[in-house]
Amino acid sequence: MTPTTLILTLLPVVGPALVAAAALAGRRARWTDLAAPASAVLILVCGIALVPVTMHDGPSVWGVLRADPLAAYLLAVMGAVAATATWSGMAPRWADSRPDGWFAALMCLFEAAMAAALVADNLGVMWVAVEATTIATAFLVGYRGGRSAVEAAWKYVVLGSVGVAVALLGIVLLYAATGSAATLSWSALVSGSIPMDHGLTRMAAALTALGLATKAGLAPMHSWLPDAHSQAPAPVSGLMSGVLLSVAFSGILRVQAVSDAVLGPHSLRSLLLVAGLASLLVAALLVLTQRDYKRLLAYSSIEHMGLLALGAAVGSPLALGAVLLHILGHGLAKASLFVVAGRILAAEGSARIGDVRALLTRRPALAVPFLVGMVALLGFPPFGLFVTELGIVYAGWQQGLGWAMAVALVLLLVVFAGLARHTLAMTLGRPGRSRAETAHDTVHSDTVHVDGALHGAHPHGGRHGYPDGPTAPLVLALGVVGLLGLAVLPLREVLTSAATLLIGGTP
Amino acid sequence: MTTETLAMAAGVLLLTAVMQLWRRSVSGAITLLVVQGAALAGLAATLAAVDGDTELYLVAALVLLVKAGVLPAVLSRTATGTATSREDTPRVAPTTGLLLAAGLTTVAYLAAQPVAAARPAAAAQTVPVGIALVLIGFLILLTRRQAVSQLVGFIVLDNGIAAVALLAAGGVPLVVELGVMLDVVLVVLVLRVLAGRMMRAFGGSDLAELTELRD
């Protein structure tokens, strides 16, 4: 690893960690608001800079760290999504808000842990980083306080840690499978040069993938996700749905590469197919009857993770390229939508879909980004997610998985119908019950109070000037998703070499 | 001689896990965890003596400190903080629990076949004990209703994974071992704080109260 590569690989981990320490020391200073967005931008810049470097020099390893096109691309994606979520989640300048150093520090540590998971070469270190994301986000999920937030945080930490513990068991067995070579280095494991016991590797890879699937929100291990993502403050939900799921998913991709290198191609296909289709089914069933719009977005995340799992099951270069591009598109769209949903909640005072009506005429400043984000998420043609979904389905067809793709398309259609119905009801539907009638709902008024406080709004002061926060990041993020279809061309090289890495060739 | 020590340590690990299922008092559960942590440290020390591995001695000392010292101490503070002294209404009766534990141990022996096949060493033949600990940890997590008991289940599960690592592979690399141990301590501390908040929000730490969030 050259010194430049080393610095660019270390900085996304060390930088945010140092910023976190500073934010903690800064307590309630004004600038701590900037800590999380600044860390995100640092990660984005390092990721973008690493792409050409790793493409030119090839993958390199330094101790337990690794720099390759896949890590570089995912670092850039993570930085971009985190920048969207944290920048647009900042309180507007005129708001009388109180910055919280603790909150900022935990956000920075969360970003540092995700970056560490992406650049870890040692699978054990990757596990430690993934588990650290759970620790960093525990208090972020429960930040609002109140019964439902505590409940969500408890379930999130218990289910997350137990699920990820299964992955640790898998990694330990993988280590045992390497015999006298005794290594957990991903580069060594995928090289195929280590004689590994097949039976043990099969068991280890399945357990590791299963454990990481809990963190990636794949059914049937998804039950914590809607609770945590709907209870967390908007920027945290955006980060968790937009990138944390994908970071855990990239761990599954790495494990699949190891398993394929030892056992032959498509060794995890049936596991991923089942998880993917089950996730789509769960999303389809629960999106239709959903009454809470933040939970609606959470179930949509399960849908998209299911789609990614299907793409990984297909496993061809086209499918993996589409999966990687989909991670970017979904992350940006979902982070923007969670931030807008947080603003709608602060303004309307209710997270129930039935309480939010005619948003387009009453609050166009919120309705327009919400509509655009939803259109992007639903995969309408001008937006990039259309291209990537098409790519995954087409690749599946090519690989003889036509039946699975047909089932997936039906389920996607159901989710589409459900999301479209709820979105139209919220933006266009006629005004229904007034807010006063639902104000007795303790859970929601509790939620609003703290969300408002976080954004610097007067609690319950929805109608008298709700906080908007910056719009620029939303425009940027949704604009990028819009251009993603065209971005396939400039991104083709990095996507191809990242996919080749996962299939086991040399880029 | 070392084979006997290994077998004895493994036996203590399994026994302390199974006894968790019919002990209802929280202080009893914590004592069992201390014994289990000590047995795990003994396991690591025995393996260190066999291989002459100085790194493993360090791991053994750390295991003793963390699993027999720090974690049980945090747990007993949690129990005081949430005023929990007994697990009064577990979801399965102790007898059923014991039967389930016997079943899970059998499953563990079957599941550990690939390990035994791949690693002929004496230590690897005791791997099923580690897997049984993992499964019993799951059982405790699923059937207990008090926040503290869930923490006990989580630690038993984690001890099981540590035992598998020691027995099947002679311990994972030190940097990973340190990271994992730090993570486990932090998770338990986070859960302790959350249990305290739960106590304040719900007036108790019975997890059956957690019914606010539904679809």
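Computed from a predicted structure; not experimentally measured. (Residues numbered from 1 in each chain as written. Chains lettered and ligands numbered in written order. Predicted model: local features only at pLDDT ≥ 70, side-chain atom pairs only at ≥ 80, totals over all residues. Heavy atoms only, no water.)

Engineer: Residue-level account of the overall build of chain A, with values.
Structural biologist: The secondary structure content of chain A amounts to 20 helices and two strands. Out of the 507 residues belonging to chain A, those deemed buried represent 65%. Taking as baseline every contact in chain A between residues at least 6 positions apart, the subset at least 24 positions apart corresponds to 81%. Approximately 16700 Å² of chain A is accessible, and the part contributed by carbon and sulfur atoms is 69%. (Helix = DSSP H or I, 4+ residues; strand = E, 2+ residues; numbered from the N terminus. Buried < 20%, exposed > 50% of the residue type's maximum accessible area, 1.4 Å probe, protein only. Contact = heavy atoms within 4.5 Å. Areas by Shrake-Rupley, 256 points an atom, 1.4 Å probe, with all protein chains shown as cover.)

Engineer: Give me the lowdown on the interface of chain A and chain B, citing residues and values where you can.
Structural biologist: Taken residue by residue, the interface counts 45 residues in chain A and 43 residues in chain B. Each partner contributes to the roughly 3900 Å² buried at the junction of chain A and chain B, and carbon and sulfur atoms together form 77% of this total. Sorting the residues of chain A by area buried against chain B places Phe139(A), Arg147(A) and Trp154(A) first, and these three jointly supply 20% of that buried surface. Linking chain A with chain B are zero salt bridges, by the criterion used here. Where chain A packs against chain B, one counts one residue pair in polar contact (both at pLDDT 80 or more). Broken down by secondary-structure element, the contributors of at least two residues to the side of chain A that touches chain B are helix H5 (123–141), helix H6 (147–177), helix H8 (198–215), helix H9 (224–231) and helix H12 (293–314) of chain A. Among the elements that make up the side of chain A that touches chain B, the one with the highest residue count is H6(A) (20 residues). Each residue belonging to the side of chain A that touches chain B can be placed in one class, and the counts come to 28 nonpolar, nine polar and eight charged. (Buried area = accessible area lost by both parts, 1.4 Å probe. Salt bridge = Lys/Arg side-chain N within 4 Å of Asp/Glu carboxyl O. Polar contact = N/O pair within 3.5 Å; in protein donor to acceptor, adjacent residues only side chain to side chain. Nonpolar A, V, L, I, M, F, W, Y, C, P; charged D, E, K, R; others polar.)

Engineer: Describe helix H20 (residues 472–503) of chain A, and please don't skip the residues or the numbers.
Structural biologist: Each α-helix turn comprises 3.6 residues. Residues three or four places apart therefore point the same way. All names here are of chain A. The terminal C-alpha atoms of H20, which comprises 32 residues, lie only 38 Å apart, well short of the 46 Å expected from a rise of 1.5 Å per residue. Most pronounced at Gly485, the bend in H20 amounts to some 70 degrees. Directly beyond the C-terminal end of H20, a positive phi value near 110 degrees is found at Gly504. (Expected span 1.5 Å × (residues − 1). Bend = angle between axes of the 7 residues up to and from the residue.)

Engineer: Outline unusual backbone geometry, listing residues and values.
Structural biologist: All names here are of chain A. Along the chain, Ala219 connects to Pro220 via a cis peptide bond; the corresponding omega equals 0 degrees. Assignment of secondary structure puts Pro220 in the loop between H8 and H9. At Ala182, a residue that is not glycine, the phi angle is positive and equals roughly 40 degrees. For Ala182, the position within the fold is in the loop between H6 and helix H7 (186–191). Accessibility expressed as a relative area gives 36% for Ala182, which makes it partly exposed. Even without glycine at this site, Ala358 takes up a positive phi of about 50 degrees.

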